Amino acid sequence: MKQFNLVKYKTTGKTLPAGVLLAGCLLTSSVFANPIVSGNTISWPDDGWYQVQLSATYESLCEGGTSCVVAPGQYIVINHTNGQRYENVLVAGDTPDTPDTPDTPDTPDTPDTPGDGGQYASGALADKYIKLVGFAFDIYTGRRYAQGILSLPENYLQGFSPVYMDNAVPESVAEKVACSVSGAATFTPVYTGERAITAGWSYEFYACLDSITLSLDGQIERTQTESHTKRISSGGLDIGDMRMRQSFSGAAELKYANDRSDDTTRYWKMTDLSYAYSRNDAQWNLHDANTMFSHTAPYRSTMSGGFFVEEFYMTGGITVQVTEEFVFNTSPAEPDWDRRDSWYFQKGKLSITDRAGSEIILDADNGDFDSVLIQITRDGNTESFTQPWSTWAGHLRLSD
């Protein structure tokens, strides 16, 4: 039988002394300009392509540009051009004077991100439709939440053997171990197939207290295939410590880019998924998520499904639903073939409603390839206008 180890990285199980790690970071950081924090804004020099992540979950909040407006909390700033990372960037934040009034983006093609110090507060739905639509697209494409979901439960296995953070191999065996304080955990290898290998682990935690504060309870399975597909599924998993609580159930699947294959299809899919996180500086609740966003280069993309979500600084929640499947489809014989690398959906309809009954409808099938029809209904009144697709260009691409 063919043997294939799908390990993304190897670990020796050794930990560098804290002083060595700190010294390395200090030596590296001295070469580059540090990010600057002013109020709720993190800014950096125009010397590369930057990303801002939430430290607790590695959720991506901003990508590109030279600044990011965030809620008070702790963040990671990464310069992907040179690989430099800035850990533990602390934002104390300002108290927004008018949290219900969002800022108008300076440029429509600059991606906006949620959790930006009050711009997602309840009310004035019509005034913030650009951000809400971008926020919804980020969930469909996996730019929002996917990294945190797919990293479960790796970020909380430090107290166990590092072998359980790699993928299983044919020789892997199931093992039940005692947690360091109380409870137990069972690790069961998943390894199937001969030509198309699927490998990973199934984890079961039984009231596992792995440190004085960290607790894990429930089940989750994580696998990866040779065809570059990551999958995670759970009947229910709860994780918590003194600072945070999170829970996950359902299934998610990411098919990502494979440069060594003719298969050019990529997708992010959620099935009966619920994902909640709560900490003093970050809170969200995503549930009833059944979505599919796929892209087959260079000629076809689709988006379907829906979900309910509540986000930090958003009082109440929104229900998001694709009521007519979004489709981009072309071929060399079509007049829009030359736009295959800068595509927008040619048809499809999206509905976003809040608990007060206000609704945003985005209709792509308005006869103009470069724009969409927006209808906003609030307090019984409806207004309609067009908006360029380029407003959300940064939100309409899958994120690996």
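Everything here concerns the structure above.
Below is a short write-up of the structure. In this text, all values refer to a predicted model and were calculated from it rather than measured experimentally.

**Notes on the environment of Trp-337**
Along the chain, Trp-337 falls in the loop between strand 17 (318–329) and strand 18 (347–354). In this structure the C-alpha to C-alpha distance between Trp-337 and Pro-298, which are 39 residues apart in sequence, comes to 9.1 Å. Once residues lying within four places of it in the same chain are set aside, the contact partners of Trp-337 are Pro-298, Tyr-299, Thr-330, Ser-331 and Pro-332.

**Concerning the state of the cysteines**
Working definition: the covalent bond between the sulfur atoms of two cysteines is a disulfide. Under the counting rule described, the total for this entry stands at 2 disulfides. Here Cys-62 pairs with Cys-68 through a disulfide, and the sulfurs are 2.0 Å apart. Judged by the sign of its S-S torsion, about 70 degrees, the bond between Cys-62 and Cys-68 is right-handed. We classify Cys-62 as buried; its relative accessible area is 8%. Judged by its relative accessible area of 1%, Cys-68 falls in the buried class. Here Cys-179 connects covalently by a disulfide to Cys-208, the sulfurs 2.0 Å from one another. Residues Cys-179 and Cys-208 share a disulfide whose torsion about the S-S bond is about -120 degrees; that sign makes it left-handed. Remark: Cys-208 occurs in strand 10 (residues 198–209) and Cys-179 occurs in the loop between strand 8 (175–178) and strand 9 (182–192); sequence separation between them is 29 residues.

**Section: the sheet that holds strand 2 (residues 41–43)**
If you walk across this open sheet you meet the 3 strands as 1-2-5, and the pairing is antiparallel. Each edge of the open sheet carries a strand with a single partner, namely strand 1 (36–38) and strand 5 (67–69). Averaged over neighbouring strand pairs, the angle between their axes works out to 20 degrees when direction is ignored. Sheet analysis places strand 2 next to strand 5, joined by 3 bridges and oriented antiparallel. In the strand pairing of strand 5, Ile-42 is matched with Cys-68.

**Regarding the side chain of Thr-391**
Mapped onto the fold, Thr-391 is located in the segment after strand 21 (381–388). Accessibility expressed as a relative area gives 3% for Thr-391, which makes it buried. In terms of polar contacts, Thr-391 uses its side chain to reach the side chain of Gln-387, at 2.8 Å.

**Thoughts on the side chain of Thr-296**
Topologically, Thr-296 is positioned in strand 15 (residues 282–296). For Thr-296, a relative accessible area of 17% gives the class buried. Not counting residues within four places of it along the chain, the set of residues in contact with Thr-296 comprises Thr-264 and Thr-265.

**Quick notes on the nonpolar core**
Ranked by internal contacts, the top residues of the largest apolar core, which has 89 residues, are Phe-160, Leu-362, Trp-389 and Trp-392. Once residues within four sequence positions are removed from consideration, Phe-160 is found in contact with Val-177, Cys-179, Ala-185, Phe-187, Phe-205, Cys-208 and Asp-210.

**Here's the deal with the packing of aromatic side chains**
According to the stated counting rule, one finds 23 aromatic pairs in the structure shown. Taking 6.1 Å as the distance between ring centres and 85 degrees as the angle between the ring planes, the aromatic pair formed by Tyr-145 and Tyr-275 counts as edge-to-face. Placement of the pair is Tyr-145 in the loop between helix 2 (129–141) and helix 3 (146–150) and Tyr-275 in strand 14 (residues 265–279), with a sequence separation of 130 residues. Judged by its relative accessible area of 0%, Tyr-145 is buried. The buried category is assigned to Tyr-275, whose relative accessible area is 1%. Centre to centre, the rings of Tyr-277 and Trp-284 are 4.8 Å apart; their planes meet at 20 degrees, and the pair counts as stacked. The burial state of Tyr-277 is the same as that of Trp-284; both residues are buried. Grouping aromatic residues by their ring pairs yields a cluster made of Phe-137, Phe-293, Phe-326, Tyr-344, Phe-345, Trp-389 and Trp-392.

The rules behind each value
Residues numbered from 1 in each chain as written. Predicted model: local features only at pLDDT ≥ 70, side-chain atom pairs only at ≥ 80, totals over all residues. Heavy atoms only, no water. Helix = DSSP H or I, 4+ residues; strand = E, 2+ residues; numbered from the N terminus. Contact = heavy atoms within 4.5 Å. Disulfide = S-S within 2.5 Å. Buried < 20%, exposed > 50% of the residue type's maximum accessible area, 1.4 Å probe, protein only. Pairing = 2+ DSSP bridges. Axes fitted to C-alpha atoms, helices over the stretch in contact; angles between N-to-C directions. Polar contact = N/O pair within 3.5 Å; in protein donor to acceptor, adjacent residues only side chain to side chain. Core = buried A, V, L, I, M, F, W, Y, C linked by side-chain atoms within 4.5 Å. Phe/Tyr/Trp six-rings, centres within 6.5 Å; stacked < 30°, edge-to-face > 60°.

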